[in-house]
Amino acid sequence: MQPAYRTEVLSKTYGEGPAAVHALREVTLEIPRGEVVVLLGPSGSGKSTFLNILGGLDRASAGRAWFGETCLTDLSDRALTQYRRSHVGFVFQFYNLMPSLTARENVELVTEIARDPMDAGEALGLVGLEGRLDHFPAQMSGGEQQRVAIARAVAKRPEVLFCDEPTGALDSTTGRRVLQVLDDVNRELGTTVLIVTHAAATAAMAHRVLHFTDGQLRETITNETRAAPADIEW
Amino acid sequence: MALTVLHRKLARDLWRIRAQALAIASVVAVGVMVQVMMSGLSDTLTDTRDAYFERHRLAQIFEPVTRAPNAMMEKVSALPGVLAAEGRVSGYGRVEGDGGEPVRAQILSLPGPAGLNGILMKAGRMPVAGRSDEVVLLDSFATARGVALGDHIGVTVEGRHLRLRVVGLARAPEFLFMPAPGEFFPLDGRFAVIWMERKAAAAVLDLEGAFNEALVLTTRARPSEAVLADLDRLLGPYGGGAGFLQDQQTSARFINEELTQLKRSSLFLPPIFLAVAAFLLNVTITRIVQAERREIGLMKAFGHGGTEIGGHYLELAFLIALAGAALGCLLGLMAGRALTGVYMEFYKFPYLVFSLRPGPFASGIAFSLIAAALGAAIALRTVFRLTPAEAMSPPAPPDFTHGRTGILSLMARPLDQPGRMILRQITRQPIRSLGTIAGVSAGLALNMAMLMIYAGFDHTMAVTFGFADRSDAVVAFTRPVSRDVVHEIAHLPGVLSAEPQRSVPVLFRNGLITHRGELTGLPEGATLSRALTPDLDPITPPARGVVLSRGLAERLGLQPGDPISAKVTGGRRRDLTLPVAAISDTLLGAPAYMRLDALTRVIGEPDRITSVAIRTTGKPSAALLHALRERPGVAGVSIKSDTFEAFKKIADEGAGQMRFIFGAIAFVLSFGIVYNAARNAFAERTHELASLRVLGFTRGEVALVLAGEIAVMVAIALPLGTWLGWSLAKLIAIAFSNELYRISVPFDLPSIAVAVLVVIGAMLASILMLRRALDRVNMVAALKARD
C-alpha cells in the first residue's frame, strides 16, 4: 500500500545568515496510511514544523514531501488551500472554534464546503457530544470544546487528522477522553492520525512514534502492542 | 525606569496601530477643523463687520424725508440720546454708459464734519471744494464697468445731463451688498454710487439749503428705538416718519443675516464631528486595552499600580486625540483663512480683522481629550476588575448565546455558517455596531444634506427665473409714469410683450414688528412676473388685499385674513391698512404683491407705474437698449440673463468649494469609521479568520466574512443616513432661510447618489487595505496564540 506521506531531506530554515534557525533538518521518512503516529520531542525540536509542512500550513525551505502521489512542496497557495479543504483536518491546543457559532454550526462550517462530509450531528455523536449540539463555545468546558474541534476536523472524512498538542490545555481525565476520541476516529474511519505532543506517555497509544531533536528525526519506534488511551497516565 | 519602558511600549504600540491611529486622528482632526474653521470664519467676519461699521460711523438711524431745511439738524442733534447727527442729500440718476443698458445711480453728498456714513478711499482723492464736476465713485462699479480715475462719466439727474470727472474710488459699509432699487440681487455693474460735494449734490437734486435724509448715531444711554420715535415725530412734517434702524438698512441687513447663518452652522456642525470622533476613540481604545489584557495582568503581577497602567493607556488615547486636534486646529486655521478670502471678496470688506478666539480651539481639544479619556476609562475598568492571574489566562470565548433564540435565530436560519458569523458578530455588541452604523449614517447625512442644500439653490434659481419671473428685462423709470407707456415700450424693437408694474416703498408693520420693503403692483392676469403657490401655480392678487411672500409673512407673524399696516415712505406718504389675501411661495426676496389698479388707487396715484417688464426675442438687442436710453424717463434696465449668470457664478464658486470640502469631510468620516470597524473586527478575530484558512477557506472567502460584516453595517447605514440626510437638509433649509431668500430642498437623487457613492468608496478602500493585512496573516502563529 502507498504510504500516506513520504518526505525526502525535508528542511525548514527561518531567517538567514548567522541568525538562521534550522527548525527542520533533512528529514526523510514514510508514514503509512491508517496509523496513529505520535511525534515526540522537546520544544524547538522541529515536530510542529514538520506537522505544519505536511498539513499545508507552512512551506519547506528544501527537500520534498508527497501526500500520496501529490508533491506538497510543489503546490501553489491556492492548491494548498484545496488540499486542506479536501484531505486533512486539524486539531489545535487552543481549539480555535468560532465563538459566534454553536457546536453544530462550527462543524457545519466545514461540512458546507466539503465534498463528501458526514452529518454534523453524526460527527458530534462520534465525539460524544450529541447532547450539546446547540451550545456555543462559551457554554462548554475545554474538553468539550476540543471534542467539537475534533468533530469539526473529522466531519469532512479527511484522510489525515493533524493534532498539535490536542491535550495541552486539558487536565488528564479530559485529556484521556480526547485521546480516546482520536483513537476511535482512527479505528472507525481509518483516518491517519498525527499527534504532536510533549507528553511522552501518549506514545503508548501510537502505532508508530517519531522522536525529534534539534530539527532532526532521531528515532522511529513501532509499537508491537498499543495501550488503550484510558490506560495512559501523565 | 518603569516609566521609560512604558513609554517605549507606548511608542511601539502607536507604531503598531499607526494606520488605525491615523484614521482616528483624521476624524478628530476633521471635527476640530470644522469647529475652528467655522467659528473662526464667523468671528472674523463679525469682528470685521463691527470694525468696519464703527470706524466709518455707519448711522444707527436712517430717517429719509422729502425735504427739510438744514436748520432742522440742530434740533435733531439736540434730541436726547443723539451722539452725532448729519443731514445729507440723496437722489437717483442714470449713468449714460458705453452703449449698453441704462444703469441706475445713487447720488449722495459726501460725509459732513460728523463723518457719518463715512467712505473708505481706495484710490484717488476727495473732490476739491468748489469743483462741482468732481466725484467719488463706488469702486466695485468702476471695476465692473471699466471706469478709471480721471475718466468722465455722463449722468442724467432730474432730466439734466451732467459730465462728471471721477477723482476718487471708494468703498462704504453702507454699500457692501447693494442691489439696484427694485432688484433683489446685487450686480456690481448694475448700480453706481456717486458721492459729490454737498453743495453740488444739493444743486443737482434741487435741495439747496435742505437735506432729505437724516443720519444719527445714538448714545448708549437711550435705546435707538426711542430716539427713532422722537426723530419720526420731529421730521414728520417734512415727509419723515418712516425712519429705520441700521439693522433694516439693506446692506447691513443682508450681512447680518449671513453672519447669523454662519454662526448657526458653526454651532451645530462641529459637535456632530466631535461626537463621531469620540465614539471612534472609545471603541478603539477599548479594543486595544482588551487585546492587552495579558500584558496588563503581567504588569499588575510585577507590581505596577492601577494608576500607572491606566495612565499608560490614557497616554495612548491622549496622544492620538491630541495629534488629531492639533492637526485639526492647523487645518481649521488654513481652511478658515481660505474661506475668509472668498467671503471678503463677496462682501467687499476692504480689510479683515482676524479673530482668533481661544474658545473654539480649547473646546475642540478638550472635547477630543475627554472623548479619549472616557473611551480608555470604560475599557480599563473591565480589565482592572480581573486579578492578574485571570487577566493572564486566555479569556473565555465571547458569549453568543443571545443568538440562539428569538428573531436572531430566525434571521440566521437561511444563512450559511459565514453568514451566521457575520450576523452574530454584529448583534453580539449591539451598541458598538449601532455606533458604527450611526457614525456612517452621520457622515452620509452631512454630505447629502449639504449637497441637497446646494441643489436647493439651483432649484431656487430655476423657480425664480423660470416660473416667478419670466421676463427678459425690466425697465425702471425715474418717477411714476402713465400706464400708457407700456404700449410704447411694447412697440420697441424686439419686444414681444410688456407688462406694467408699480413698486411703492413701504414700512410694513404688525404690532411691534416692522419690515422695510416694497409693495409691488402686478396687472390682472400677469404672465411675466407672478406670485406662486407651492405647486408653482400663479396666484392672482385679488381686488383687495395683499399677497405676502412666505418669508415676509413669517417675519411679520401674519396669516391670510389678518390686517397688515403699510406706511408708504416714498412719494405721497400714506398709512394703509390692508388684509392679507394669500401667501405666496417666493424663494428669492420678500415681496408683497397687490393688484396694480388696487395699489395705485389706494396710494392716490391711479394708473401710475414705475417699471415695465418685457419679454424679448433673445437677449435685449442693442437697438432696444438704444431706444430705451433715448427715453429720459428710463432710470435703468435690468437684464435677467445678467442677474442669472451672476447668481449662478456665486452659487457655483462658493458652493463649489463647499461641496468639495464637505465631500472630502464625508469621505474622511466614513473612511475613518468603516476602516476602524473593519480593523477592530480583524484584530479581534485574527485567529478565527486564520482558522477558516486552515479549514480550507480561500483568502477571498475569509475576506468575505470580514467584508460582509462591514458591508452589512454600511448597508443598514445607507437608508438610515439617507433619511437622516433628508431630514437634516430640511432642518438646515429652515435654519438658513431668511427674508432675503428661502431655500426649498428638492429630493435630489444625484445628491443622494454622490453621498452614497462616497460612503461605498470609503468602504471599498477600507476593505482593500484590510485584504492586504489579511493576506499577510501567519496562520500558524495566529492559531498558536491563546486568544
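Definitions and cut-offs
Positions within a chain are numbered from 1, following the residues in the order the chain's sequence is written. Chains carry letters and ligands carry numbers; both start at the beginning, A for chains and 1 for ligands, and go up in the order they are written. Since the coordinates come from a predicted model, pLDDT governs what is reported: local features require at least 70, and pairs of side-chain atoms require 80 or more to be given and counted, while whole-chain, interface and lining totals use all residues. To obtain the side-chain values, all non-hydrogen atoms of the structure were used and water was disregarded. The way it works is that DSSP assigns letters per residue, a run of H or I at least four long becomes a helix, a run of E at least two long becomes a strand, and they are numbered from the N terminus. Under the convention used here, a 1.4 Å probe and the Shrake-Rupley method define accessible areas, while residue burial counts only the protein chains that appear. A residue counts as positive if it is Lys or Arg and as negative if it is Asp or Glu; His and the chain ends are not included. A charged residue contributes its charge at one atom only: NZ of Lys, CZ of Arg, CG of Asp or CD of Glu. Accessibility here uses a 1.4 Å probe with only protein chains present; expressed as a share of the type maximum, an area under 20% marks a residue as buried, one over 50% as exposed, and anything in between as partly exposed. Residues count as neighbours in contact if any of their non-hydrogen atoms are within 4.5 Å of one another. Each axis is a line fitted through C-alpha atoms, taken for helices only over the stretch in contact, and angles between the N-to-C directions span 0 to 180 degrees. Should an angle fall under 35 degrees it is called roughly parallel, over 145 degrees roughly antiparallel, and 65 to 115 degrees roughly perpendicular, with every other angle called oblique. Three classes are used: nonpolar for Ala, Val, Leu, Ile, Met, Phe, Trp, Tyr, Cys and Pro, charged for Asp, Glu, Lys and Arg, and polar for all others, with Gly counted as polar. UniProt positions are given in the numbering used here, feature names are shortened, and annotations may be inferred rather than shown by experiment. Between any two strands, pairing holds if DSSP finds at least two bridges. Here the quantity called buried area is the accessible surface, traced with a 1.4 Å probe, that two parts lose on coming together, added over both. Polar contact criterion, stated in full: a pair of N or O atoms within 3.5 Å, where within protein one must be able to donate a hydrogen and the other to accept it, and residues adjacent in sequence count only if both atoms are side-chain atoms. Note that the domain bounds reflect an automated or database-derived domain assignment. Working definition: rings of Phe, Tyr and Trp (its six-membered ring) pair if their centres are within 6.5 Å, and the pair is stacked with planes under 30 degrees apart, edge-to-face with planes over 60 apart, and tilted otherwise. When the near helix sits turned anticlockwise from the far one by under a right angle, the crossing is termed left-handed; a clockwise turn instead gives a right-handed crossing. Side-chain atoms within 4.5 Å link the members of a nonpolar core, which is a set of buried Ala, Val, Leu, Ile, Met, Phe, Trp, Tyr and Cys residues. By definition, a salt bridge exists where a carboxyl oxygen of Asp or Glu is found within 4 Å of a side-chain nitrogen of Lys or Arg.

Peer 1: Looking at this structure, I do not really get the overall build of chain B. What am I missing?
Peer 2: Each helix and strand in chain B was counted, giving 23 helices and 22 strands. Taking the principal axes of the C-alpha coordinates as reference, chain B spans close to 100 × 55 × 50 Å. Surface exposure of chain B reaches about 31800 Å², of which carbon and sulfur atoms provide 61%. Computing the positive centroid from 81 side-chain charges and the negative centroid from 67, chain B places the two 7 Å apart.

Peer 1: Even after reading the chapter, I still don't get the overall build of chain A, so can you show me in this structure?
Peer 2: Counting its regular elements, chain A contains six helices and ten strands. Considered along the principal axes of its C-alpha atoms, chain A spans approximately 50 × 40 × 40 Å. Going through the 234 residues of chain A one by one, you find that 57% of them count as buried. A sequence separation of at least 24 residues applies to 71% of the contacts in chain A between residues at least 6 apart. Split by element, the accessible area of chain A, about 9100 Å² in all, is 46% carbon and sulfur. Averaged over its 23 positive side-chain charges, chain A has a centre that lies 3 Å from the centre of its 30 negative ones.

Peer 1: Looking at this structure, how should I read the packing of helix 3 (residues 103-111) of chain A against helix 13 (residues 417-428) of chain B?
Peer 2: Any two packed helices are characterised by how steeply their axes cross, that is the angle between the axes, and by the distance between the axes. At a minimum axis separation of 9 Å, helix 3 of chain A and helix 13 of chain B run at an interaxial angle of 135 degrees. Taken together, the axes of helix 3 of chain A and helix 13 of chain B are oblique relative to one another. Across the interface between the two elements, A:Glu105, A:Glu108 and A:Leu109 from helix 3 of chain A touch B:Gln417, B:Pro418, B:Arg420, B:Met421 and B:Arg424 from helix 13 of chain B. Classifying every residue of the contact of helix 3 of chain A with helix 13 of chain B by side-chain character gives three nonpolar, one polar and four charged.

Peer 1: So what exactly am I meant to see when it comes to the UniProt feature "transmembrane region" (unreviewed entry) in chain B here?
Peer 2: Residues and elements named next belong to chain B. Those residues carrying the UniProt feature "transmembrane region" (unreviewed entry) are residues 21-41, 267-289, 316-339, 359-380, 434-457, 660-682, 703-729 and 749-770 in this numbering. The annotated region residues 21-41 carries 100% helix and 0% strand content, and the separation between its end C-alpha atoms amounts to 29 Å. In residues 749-770, helix accounts for 100% and strand for 0%; the two terminal C-alpha atoms are 31 Å from one another.

Peer 1: Help me understand helix 3 of chain A in this model?
Peer 2: When you tally the buried positions in helix 3 of chain A, you get seven out of nine residues, the bulk of the element. For helix 3 of chain A, the set of buried residues is A:Ala103, A:Glu105, A:Asn106, A:Val107, A:Leu109, A:Val110 and A:Thr111. Elements in contact with the buried residues of helix 3 of chain A: helix 4 (120-126) and helix 5 (142-154) of chain A together with helix 13 and helix 20 (686-694) of chain B.

Peer 1: Before we go on, may I ask you to explain the sheet that holds strand 10 (residues 210-218) of chain B in this structure?
Peer 2: Think of a sheet as strands paired side by side through backbone hydrogen bonds, with each pair either parallel or antiparallel. Residue and element names in this part refer to chain B. Taken together, the four strands give an open sheet; going across it, the order is 2-10-1-11, and neighbouring strands pair in antiparallel fashion. The open sheet terminates on both sides in strands that have one partner only, identified here as strand 2 (82-88) and strand 11 (244-245). The pairing of strand 2 with strand 10 spans six bridges and is classified as antiparallel. Within strand 10, the residue paired with Val 82 across the bridge is Thr 218. Docked against the sheet, helix 6 (residues 224-235) engages strand 1 (61-69), strand 2, strand 10 and strand 11, running at close to 15 degrees with respect to strand 1.

Peer 1: Got a minute to help me understand unusual backbone geometry in this structure?
Peer 2: Note on backbone geometry: most residues besides glycine have negative phi, and most peptide bonds are trans. With a phi close to 50 degrees, A:Arg157 is a non-glycine residue in the positive phi region. Mapping A:Arg157 onto the fold places it in the loop between helix 5 and strand 7 (160-164). You can call A:Arg157 partly exposed: its relative accessible area is 37%. At B:Arg57, a residue that is not glycine, the phi angle is positive and equals roughly 50 degrees. Position of B:Arg57 among the secondary structure elements: in the loop between helix 2 (18-55) and strand 1.

Peer 1: What is the right way to look at the interface of chain B and chain A in this model?
Peer 2: Interface size is commonly expressed as the accessible area that is lost once the parts come together. With 31 residues of chain B at the contact, the number on the chain A side is 33 residues. Buried surface at the junction of chain B and chain A, both sides included, amounts to about 3000 Å², of which 61% is carbon and sulfur. At the junction of chain B with chain A, the criterion picks out seven residue pairs in polar contact (both at pLDDT 80 or more). Secondary structure elements with two or more residues in the side of chain B that touches chain A: helix 13, helix 20, helix 21 (699-736) and helix 23 (779-784) of chain B.

Peer 1: What am I meant to see in the side chain of A:Thr191 here?
Peer 2: Among the secondary structure elements, A:Thr191 is positioned in the loop between helix 6 (172-189) and strand 8 (192-197). With residues up to four places along the chain from it excluded, the contact list for A:Thr191 reads A:Gly34, A:Glu35, A:Pro158, A:Glu159, A:Val160, A:Leu161, A:Val185 and A:Asn186.

Peer 1: So what exactly am I meant to see when it comes to the domain arrangement of chain B here?
Peer 2: Residues and elements named next belong to chain B. The domains assigned to chain B are domain 1 (1-58 + 255-395), domain 2 (59-254), domain 3 (429-470 + 641-787) and domain 4 (473-617). Residue-level contacts link 14 residues of domain 1 with 27 residues of domain 2. Together, the buried faces of domain 1 and domain 2 total about 1900 Å²; carbon and sulfur atoms form 60% of this surface. Contact with domain 2 buries surface across domain 1, with Arg 57, Leu 58 and Lys 348 losing the most and accounting together for 42% of the total. Taken together, the connections running from domain 1 to domain 2 amount to 13 residue pairs in polar contact (both at pLDDT 80 or more). Elements that contribute at least two residues to the side of domain 1 that touches domain 2 include exactly helix 2, helix 7 (250-291) and helix 9 (306-347). Of the residues forming the side of domain 1 that touches domain 2, the biggest block, four residues, is contributed by helix 7. In the side of domain 1 that touches domain 2, the residues fall into eight nonpolar, two polar and four charged.

Peer 1: Sorry if this is basic, but what is going on with the environment of B:Met72 here?
Peer 2: Residues and elements named next belong to chain B. Secondary-structure assignment places Met 72 in helix 3 (residues 72-78). Under the relative-accessibility criterion, Met 72 is labelled buried at 7%. Considering only alpha carbons, one finds Met 72 and Ala 210, 138 residues apart in sequence, at a separation of 8.9 Å. Discounting residues that sit within four places of it in the chain, Met 72 has contacts with Phe 211, Leu 234, Leu 235 and Tyr 238.

Peer 1: Just to check I follow, could you spell out the sheet that holds strand 9 (residues 208-213) of chain A for this structure?
Peer 2: Residue and element names in this part refer to chain A. As summarised here, the arrangement of the six strands in space is 6-7-8-3-9-10, forming an open sheet in which the pairing is mixed. In this open sheet, the two edge strands, each paired with only one partner strand, are strand 6 (88-91) and strand 10 (216-222). Across this sheet, the average inter-strand angle for adjacent strands is 20 degrees, counted without regard to direction. Where strand 3 (residues 36-40) meets strand 8, five bridges bridge the pair, whose relative direction is parallel. Of the residues in strand 8, the one forming a bridge with Val 37 is Leu 194.

Peer 1: Would you take a moment to explain the packing of aromatic side chains for this structure?
Peer 2: Scanning the model with the defined rule gives 13 aromatic pairs over all chains in all. Judged by centre distance (5.4 Å) and plane angle (40 degrees), the rings of A:Phe50 and A:Phe212 are tilted. Separated by 162 residues along the polypeptide, A:Phe50 in helix 1 (residues 47-54) and A:Phe212 in strand 9 bring together distant segments of the chain. On the accessibility criterion, A:Phe50 (0% relative accessible area) is buried. Judged by its relative accessible area of 1%, A:Phe212 falls in the buried class. Here B:Phe175 and B:Trp195 contribute two aromatic rings whose centre-to-centre distance is 5.9 Å and whose plane-to-plane angle is 70 degrees, an arrangement assigned as edge-to-face. One end of the pair, B:Phe175, is in the loop between strand 8 (160-171) and strand 9 (191-196); the other, B:Trp195, is in strand 9, and 20 residues separate them in sequence.

Peer 1: Would you mind going over the packing of helix 14 (residues 430-468) of chain B against helix 21 of chain B with me for this structure?
Peer 2: Residue and element names in this part refer to chain B. Running from N to C, helix 14 and helix 21 point in directions that differ by 45 degrees, and their axes come no closer than 6 Å. By the angle between their directions, the pair helix 14 and helix 21 is classed as oblique. Taken as a pair, helix 14 and helix 21 cross one another with a handedness that is right-handed. Its residues assigned to classes, the contact of helix 14 with helix 21 shows 21 nonpolar, six polar and no charged.

Peer 1: Is there a simple way to think about the nonpolar core in this case?
Peer 2: As a rule of thumb, soluble globular proteins bury nonpolar side chains together. Core analysis: the biggest nonpolar cluster contains 97 residues, and A:Leu109, B:Leu689, B:Leu692 and B:Ile710 have the highest contact counts within it. With residues up to four places along the chain from it excluded, the contact list for B:Ile710 reads B:Val674, B:Ala677, B:Ala678 and B:Met763.

Peer 1: How should the environment of A:Asn52 be read in this particular structure?
Peer 2: Within the secondary structure layout, A:Asn52 lies in helix 1. Residues A:Asn52 and A:Phe90 lie 38 residues apart in sequence; the distance between their C-alpha atoms is 9.9 Å.

Peer 1: So what exactly am I meant to see when it comes to the pattern of salt bridges here?
Peer 2: Opposite charge on two side chains permits them to pair, given that their charged atoms come into close proximity. All names here are of chain A. If you walk through the whole model with that rule in mind, you get 43 salt bridges over all chains. Lys 12 serves as the salt-bridge partner of Asp 58, at 3.4 Å between the closest nitrogen and oxygen. Here the residue Asp 58 occupies a position in the loop between helix 1 and strand 4 (62-67), and Lys 12 occupies one in strand 1 (residues 5-14), the gap between them amounting to 46 residues. Judged by relative accessible area, which is 17%, Asp 58 ranks as buried. The exposure class of Lys 12 is buried, given its relative accessible area of 10%. Between Arg 64 and Asp 74 there is a salt bridge, with the nearest N and O atoms lying 3.4 Å from each other. You can see Arg 64 sitting in strand 4 and its partner Asp 74 sitting in the loop between strand 5 (70-71) and helix 2 (77-86), a full ten residues away along the chain. Since its relative accessible area comes to 34%, Arg 64 is described here as partly exposed.

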